[in-house]
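Examining the three-dimensional arrangement
One letter stands for each residue in the lines below.
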Amino acid sequence: MHLSAVNHRIPLSDGNSIPIIGLGTYSAPISTPKGSCATSVKIAIDTGYRHIDGAYIYQNEHEVGEAIREKIAQGKVQREDIFYCGKLWATHLDPERVRPALEKTLKNLQLDYVDLYIIEIPMAFKPGDDVYPKDENGKWLYHKSNLCATWEVECHPYFTQPKLLKFCQKHDIVIVAYSPLGTCRDPSWVNVSVQPLLKDPFLKALGKKYNKTVAQIVLRFNIQRGVVVIPKSFNPERIKENFQIFDFSFTEEEMKDIEALNKNIRYVELLMWRDHPEYPFHDEY
C-alpha cells in the first residue's frame, strides 16, 4: 500500500475511503482560547490533512465547521475532499435520541452531512441534555443501553491490539486509533503509572536514525499497518510535523521490533466511570 501526502486514503468495505491520518480536535473547553480550534483546522487543511475528527461533547464543532467552510469558500478544498467524523455522546444512546443528536451536530457544523458518526464511549448516561448527569450527592447517573458494537479503539506501540487488528483485516474493517501518541497525563481518566510513550528509548533511537520526532515514528508505525491515526494538536508546528510521515518507512524487522514493545497497556481507562455496569475494561483488572 503506497501512501503519500497527497494520496493517503485507504478503502472502506462499503466502497468509500478514509484518509489514514486526521486531526483530532479534542480540547478542554474551559482552558482553550476561543478560535484556537478553528485556526488549527485551517492550518491542518492547508498542510494537507483531509480527515478531521470531532465530537459534540468537545463543544467546538461550530469552529470546526467554520474552518472547513472557509477553506471550501477559498477554493482550497471541496466538501467531498474532507472526511469529518462526529460522535454520539453517552446521553443520547437511546435509538430515538440518535437522529436529533446528529442533526444538532450538523447544525453546529453548518454542513449537510458527516462522513462517519460513531459512538463516543460504550457506556450510557441518563438521557437528556445534561452531558454529565449527576444526582444531588454528586453521583453519576448511569443508564442501561443495548450496544451492538463500538468501532473506535486505542492503539499505539504499547497497546498494539494484534488480535483485534488481525480480526478487522480479515473482515475488511478499518481501525481508527485514538490516542495514537499515548494521550495526555490527566490522572482523572488516564493511567499515569506507565512511562509516557514518547519517552521510550527504542522509539527515540529510531527517531534519531530517520531524523524524525518520536511522535512521527509512532504515527508511521500505525499507518504502515493500515491503521488510521487522529493525533490531536492545536500547536501549528506539531500539526505540520505530525503530517510529515509519508517520506520514510520502516523495514519489516523494525516493524517487528516496535510491535515487541507491546505491553498490553491501555492509557485511557476512564476510571471516574469504573462503577458503571457497562464499564468496558473490567476484564483487564
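So, here is what we can say about the structure in this document. (Residues numbered from 1 in each chain as written. Predicted model: local features only at pLDDT ≥ 70, side-chain atom pairs only at ≥ 80, totals over all residues. Heavy atoms only, no water.)

1. What to know about unusual backbone geometry
In the Ramachandran plot, Gln110 falls in the positive-phi region, its phi being about 55° despite a non-glycine side chain. Looking at the element boundaries, Gln110 is found in the loop between α3 (95–109) and β6 (116–119). Positive phi outside glycine occurs at Asp172, with the angle close to 55°. Examined against the element boundaries, Asp172 turns out to sit in the loop between α4 (162–170) and β10 (176–178). The class for Asp172 is exposed, based on a relative accessible area of 55%. (Helix = DSSP H or I, 4+ residues; strand = E, 2+ residues; numbered from the N terminus. Buried < 20%, exposed > 50% of the residue type's maximum accessible area, 1.4 Å probe, protein only.)

2. Section: the sheet that holds strand β5 (residues 83–88)
Across the sheet, 4 strands lie side by side as β3-β4-β5-β6; this open sheet has parallel pairing. Every interior strand has two partners, whereas the edge strands, β3 (23–24) and β6, have only one. Two elements, β5 and β6, share 4 bridges in a ladder whose sense is parallel. Of the residues in β6, the one forming a bridge with Lys87 is Ile118. Taken strand by strand, α3 contacts β5 and β6, and its axis lies near 130° from that of β6. (Pairing = 2+ DSSP bridges. Contact = heavy atoms within 4.5 Å. Axes fitted to C-alpha atoms, helices over the stretch in contact; angles between N-to-C directions.)

3. Some points on the pattern of salt bridges
Using the criterion set out here, one finds 9 salt bridges in the structure. Arg79 is paired through a salt bridge with Asp115; the nearest N and O atoms lie 3.0 Å apart. Of the two residues, Arg79 is situated in the loop between α2 (61–73) and β5 and Asp115 in the loop between α3 and β6; the sequence distance between them amounts to 36 residues. The salt bridge involving Asp129 is made with Arg97; its shortest N-O contact spans 3.8 Å. Of this pair, Asp129 sits in the loop between β7 (124–125) and β8 (142–143) while Arg97 sits in helix α3; the two residues are 32 residues apart in sequence, bridging distant segments of the chain. Asp129 sits in the exposed class, given a relative accessible area of 62%. (Salt bridge = Lys/Arg side-chain N within 4 Å of Asp/Glu carboxyl O.)

4. Focus: the nonpolar core
Val41, Val64, Ile68, Leu203, Phe246 and Phe250 are the most contacted members of the largest nonpolar core, which has 58 residues in total. Top contributing element to this core by residue count: helix α6 (residues 214–224), with 7 residues. Ala55, Ile57, Ile121 and Val131 belong to the second largest nonpolar core, which has 11 residues in total. (Core = buried A, V, L, I, M, F, W, Y, C linked by side-chain atoms within 4.5 Å.)

5. Remarks on helix α7 (residues 236–243)
Along α7, the residues classified as buried are Ile239, Asn242 and Phe243. An end-on view of α7 places all buried positions within 100° of arc, on one side of the element. Against β3, α1 (36–47) and α6 lie the buried residues of α7. Structurally, the start of α7 carries an N-cap: the backbone nitrogen of Glu237 is 2.9 Å from a side-chain oxygen of Asn235. (Arc of directions from axis to C-beta. Polar contact = N/O pair within 3.5 Å; in protein donor to acceptor, adjacent residues only side chain to side chain.)

6. A look at the pairing of β5
Most of β5 is tucked away, with 6 of its 6 residues classed as buried. Here strand β4 (residues 51–53) runs beside β5; their pairing, made up of 3 bridges, is parallel. The residue bridging His51 from the neighbouring strand is Phe83, located in β5. Regarding the hand of the β-α-β motif, the stretch spanning β4, α2 and β5 is right-handed. Each parallel crossover has a hand, and for β5 linked through α3 to β6 it is right-handed. (Right-handed = clockwise from strand over helix to strand, strands pointing away.)

What is shown is where atoms sit, not what they do.
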